[in-house]
Amino acid sequence: MRLPRLIPALIRGVRAPKRAARSRGFGIHSPFAFRFVREVLSQPYAYYSYPQLDRAAKAEGCQPAVVRTLFRLSLWFRPGAVDVVGSASEAVSLAIRRGNPQTQTAGMPPKCIVGLGDGREKVSGMWRQSERGMLFRAKEMAIFVTSDHLPHQKFDILLS
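Let me begin by describing the structure that accompanies this report.

Basis of the calculations
- Residues numbered from 1 in each chain as written.
- Predicted model: local features only at pLDDT ≥ 70, side-chain atom pairs only at ≥ 80, totals over all residues.
- Heavy atoms only, no water.
- Helix = DSSP H or I, 4+ residues; strand = E, 2+ residues; numbered from the N terminus.
- Buried < 20%, exposed > 50% of the residue type's maximum accessible area, 1.4 Å probe, protein only.
- Core = buried A, V, L, I, M, F, W, Y, C linked by side-chain atoms within 4.5 Å.
- Contact = heavy atoms within 4.5 Å.
- Phe/Tyr/Trp six-rings, centres within 6.5 Å; stacked < 30°, edge-to-face > 60°.
- Lys NZ or Arg CZ within 6 Å of the ring centre and 35° of its normal.
- Arc of directions from axis to C-beta.
- Pairing = 2+ DSSP bridges.
- Axes fitted to C-alpha atoms, helices over the stretch in contact; angles between N-to-C directions.

1. Notes on the environment of isoleucine 96
Logical step 1: Along the chain, isoleucine 96 falls in helix H5 (residues 90–99).
Logical step 2: Residue isoleucine 96 is classed as buried on the basis of its relative accessible area of 2%.
Logical step 3: Considered as a pair, isoleucine 96 and phenylalanine 71 are 25 residues apart in the sequence and their alpha carbons are 5.4 Å apart.

Here it is in structure tokens:
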């Protein structure tokens, strides 16, 4: 019974060095993907809303790294829409609102689709059905950036 659980852990261990390198942008040849990873997903600097977002995340049992990433996504994609698929909470909504008060969380075609929890697989399925766009998958979330000018690529990353 323990053996089936061991196999995915071994696969993650084998892929970890490549995922860690890509989490900082190394080995990514697409200019958009490199900038997106460096300036949004692995941003090392603190933002003005981090203390408030961390308190909201801890109060709801969310991971602060996920809430911080959603905040940075909202800042990056303004004034477009960020669509959250999966287990959204008040901390998630707060992160999106703090990043850009004009960002809508539904209602118009999104530029960025984020899958949290069980929504990770739904977002990955959306990416597989599309012909364009980039998928950035972490253990905690999946981010699908839709755009006609982006190639159909997938990146496994680590959130910081």
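Next comes the rest of the description.
2. Remarks on the nonpolar core
Logical step 1: Phe36, Leu70, Leu73, Phe136 and Ile143 are the most contacted members of the largest nonpolar core, which has 37 residues in total.
Logical step 2: Secondary structure elements with two or more residues in this core: helix H2 (31–41), helix H3 (50–60), helix H4 (64–76), strand E1 (82–86), H5, strand E2 (112–116), strand E3 (134–137) and strand E4 (141–145).
Logical step 3: With six residues, H4 is the largest single contributor of residues to this core.
Logical step 4: Of all hydrophobic cores here, the second largest spans seven residues; its members include Ile113, Val123, Trp127 and Phe144.

3. Some points on the side chain of serine 30
Logical step 1: You can see serine 30 is positioned in the loop between helix H1 (2–23) and H2.
Logical step 2: Using a relative accessible area of 14% as the deciding quantity, one classes serine 30 as buried.
Logical step 3: Once you skip the residues sitting within four places of it in the chain, serine 30 turns out to touch Met134 and Gln153.

4. A closer look at the packing of aromatic side chains
How two aromatic rings sit relative to each other is given by the distance of their centres and the angle of their planes.
Logical step 1: Counted by the stated rule, this structure contains nine aromatic pairs.
Logical step 2: Ring geometry for phenylalanine 36 versus tryptophan 76: centroids 6.1 Å apart, planes at 75°, classification edge-to-face. Of this pair, phenylalanine 36 sits in helix H2 while tryptophan 76 is found in helix H4, placing the two residues 40 residues apart along the sequence.
Logical step 3: Residue tryptophan 76 is classed as partly exposed on the basis of its relative accessible area, which comes to 25%.
Logical step 4: Geometrically, the ring pair formed by tyrosine 50 and phenylalanine 71 is edge-to-face, given 6.2 Å between the ring centres and 70° between the ring planes. Taken together, the positions of tyrosine 50 in helix H3 and phenylalanine 71 in helix H4 put the pair 21 residues apart, joining distant regions of the chain.
Logical step 5: The class for tyrosine 50 is buried, based on a relative accessible area of 5%.
Logical step 6: Given a relative accessible area of 0%, phenylalanine 71 falls into the buried group.
Logical step 7: A network of ring pairs unites the aromatic residues Phe32, Phe36, Trp76, Phe77, Phe136 and Phe155 as a single cluster.
Logical step 8: One residue, arginine 68, lies across the ring of tyrosine 50, its end atom 4.1 Å from the ring centre.

5. Here we look at H3
Logical step 1: Residues Tyr50, Leu53, Asp54, Ala56 and Ala57 constitute the buried set of H3. Seen along its axis, H3 keeps its buried residues to an arc of 165°; they face one direction. Among the exposed residues of H3, those pointing more than 90 degrees away from its buried face are Arg55, Lys58 and Ala59.
Logical step 2: Among the residues trailing H3, glycine 61 stands out with phi positive, at a value near 80°.

6. Notes on the sheet that holds E4
Logical step 1: Read across the open sheet, the five strands follow the order E1-E2-E4-E3-E5; overall the sheet is mixed. Two strands in the sheet have a free side with no partner beyond their single neighbour: E1 and strand E5 (153–156). On average, each strand axis in the sheet is inclined to that of its neighbour by 15°, with strand direction left out of account.
Logical step 2: Here five bridges tie E1 to E2, and the two strands are oriented parallel to one another. When the bridges of E2 are listed, valine 85 appears paired with glycine 115.
Logical step 3: Across the sheet, helix H6 (residues 119–129) touches E1, E2, E3, E4 and E5, and the angle it forms with E2 is around 145°.

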